[in-house]
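# Structural overview
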There are 2 protein chains.
Amino acid sequence: MAEQAQFEELARQLSAVGAVKRDLGRILPHACPAGAAAVLMLLSRDGDMRMSKLAELMAVDMSVTSRHVAHVAERGWIERSPDPADKRSRILRLTPAGGDMLVELSRRSTELLAERLSDWTTEDVGELIRLMSRLRESFDCRPVPAVPPPPLPVPLPLSPPLATTTTRTPA
Amino acid sequence: MAEQAQFEELARQLSAVGAVKRDLGRILPHACPAGAAAVLMLLSRDGDMRMSKLAELMAVDMSVTSRHVAHVAERGWIERSPDPADKRSRILRLTPAGGDMLVELSRRSTELLAERLSDWTTEDVGELIRLMSRLRESFDCRPVPAVPPPPLPVPLPLSPPLATTTTRTPA
DNA sequence: TATTGTTATACTCTATAACTATA
DNA sequence: TATAGTTATAGAGTATAACAATA
């Protein structure tokens, strides 16, 4: 278990990586902003899936996913076929044109990262990937327990309830 | 030097940490969104400074900084005093009220991180901080060389110029 | 009734560009 | 002429809520 000062610094660093993300965003084609690129990347990596699954992987509300998906579908980069098993659902699939776009995206981001990280070792990059991936998991897999834990012996300082892990707009 | 597949994965993870940042953002007081919190945090950590310095630390355009600073100044969390040495400039300083807000922010983010990262060791967190910090540095300190490097022997694949490191709107 | 997905609306963050006041 | 900072505007990303179609 780490201490308070470390958590504060971690929060700062998380805020700071935004600058790196913006740099990466600036090299994207005008027609394919970050949200659209994420859709293509995930469909390529994890295969065909439904909207709800994609929203979960992107960790955003499904309404947001719906907009990104509409964007890439309009450009012919993915197809939305009806799900025979559930007529409410649609199955998303990358098209060849989407694959081409993905190759281009990958080329650009790789070019930028290779330049900026030219003095990083494979191990360094791997460790960063590992830790960021674990960070994401630590935040994801924390559903509010079905049965609330017993109240603490000492009342905690007045604070709002922690954010839930909800990704879906409540009906 | 790392390879292409690794860079692609790194780009994915960078996109994915957005979810963590959003979780942290959800616990902020309504009056103090992420941008405002960053201003307070940096003034506390690095002391009084001018707008331009703050913009550099936040790695955003000064126009963006100006808005965030105006927001926190309106709420009395910072003061903007004229710089005697340069009348165009303003020196930003955290007020006691700003310090109080910062304590509250820190308490909330620490509470959330302590819960989510309860199974992380101090070393793990430290290593993640170190690597993220280095990542930020690798992107920052890469001004386009004043004298363009000699052309490469083999022409690179057709690609747009890489993003510059500019943080300021060109006049 | 509950769930899947869409759309309308509002808010935050960001960059660009035009502007001012100093240097 | 150049720099520090402000403001107006536009674009991307996100969440909430209301809705339609189906389970």
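Predicted, not measured: the structure shown is a model, and the values here were computed from it.

## Observations regarding the confidence of the model for chain A
For chain A, mean pLDDT is 86; residues scoring 70 or higher make up 81% of the total. Across residues 143-166 of chain A the pLDDT falls below 50, and counting only partners more than four positions away or on other chains, this stretch makes 17 contacts in the model.

## Overview of the relation of the copies chain A and chain B
The two copies are related by a screw motion: chain A maps onto chain B through a turn of 180 degrees and a shift of 0.0 Å along the axis, at an RMSD of 0.0 Å. The relationship between the two copies is best expressed as a two-fold rotation axis. Residue Leu128(A) of chain A places its C-alpha closer to the rotation axis than any other residue of that unit, at 3.4 Å. A symmetric contact is evident, with 100% of the interface residues of chain A recurring at the interface of chain B.

## Re the sheet that holds strand β1 (residues 49-50) of chain A
Residue and element names in this part refer to chain A. Strand order across the open sheet formed by 3 strands is β1-β3-β2, with antiparallel pairing between neighbours. The open sheet has two free edges, formed respectively by β1 and β2 (78-82), since each of these has just one partner strand. The sheet contact formed by β2 and strand β3 (residues 90-94) spans 5 bridges and is antiparallel. For Pro-82, the partnering residue across the bridge sits in β3 and is Arg-90. Here helix α2 (residues 34-46) sits on the sheet in contact with β1, β2 and β3, set at roughly 90 degrees to β3.

## Notes on the sheet that holds strand β1 (residues 49-50) of chain B
Residues and elements named next belong to chain B. Strand order in the open sheet formed by 3 strands is β1-β3-β2, and the pairing between neighbours is antiparallel. Strands at the two margins of the open sheet, each flanked by one partner only, are β1 and β2 (78-83). Alignment of β1 against strand β3 (residues 86-94), held across 2 bridges, turns out to be antiparallel. When the sheet's bridge partners are listed, Met-49 is paired in β3 with Leu-92. The strands that helix α2 (residues 34-46) touches are β1, β2 and β3; relative to β3, the one it contacts most, it runs at about 90 degrees.

## Quick word on the interface of chain A and chain B
At the junction of the two partners, chain A supplies 69 residues and chain B supplies 69 residues. The contact between chain A and chain B buries some 7,500 Å² in all, and 65% of this surface belongs to carbon and sulfur atoms. Considering only the surface of chain A that becomes buried against chain B, Arg12(A), Arg116(A) and Phe139(A) emerge as the three largest contributors, covering 10% of it. Here Arg134(B) and Asp124(A) are joined by a salt bridge, their closest N and O atoms 2.9 Å apart. The tally of links between chain A and chain B comes to 15 residue pairs in polar contact (both at pLDDT 80 or more). Residue assignment for the side of chain A that touches chain B shows that the elements contributing at least two residues are α1 (4-26), α2, α5 (96-116) and α6 (122-140) of chain A. A per-element tally of the side of chain A that touches chain B places α1(A) first, with 21 residues.

## Overview of the packing of aromatic side chains
A full pass over the atoms with the stated rule returns 0 aromatic pairs over all chains. In this arrangement the basic side chain of Arg134(A) is found over the ring face of Trp120(B), its NZ or CZ atom lying 4.2 Å from the centre.

Criteria and thresholds
Residues numbered from 1 in each chain as written. Chains lettered and ligands numbered in written order. Predicted model: local features only at pLDDT ≥ 70, side-chain atom pairs only at ≥ 80, totals over all residues. Heavy atoms only, no water. pLDDT = per-residue confidence, 0-100. Contact = heavy atoms within 4.5 Å. Least-squares fit on C-alpha atoms with pLDDT ≥ 70 in both. Pairing = 2+ DSSP bridges. Helix = DSSP H or I, 4+ residues; strand = E, 2+ residues; numbered from the N terminus. Axes fitted to C-alpha atoms, helices over the stretch in contact; angles between N-to-C directions. Buried area = accessible area lost by both parts, 1.4 Å probe. Salt bridge = Lys/Arg side-chain N within 4 Å of Asp/Glu carboxyl O. Polar contact = N/O pair within 3.5 Å; in protein donor to acceptor, adjacent residues only side chain to side chain. Phe/Tyr/Trp six-rings, centres within 6.5 Å; stacked < 30°, edge-to-face > 60°. Lys NZ or Arg CZ within 6 Å of the ring centre and 35° of its normal.

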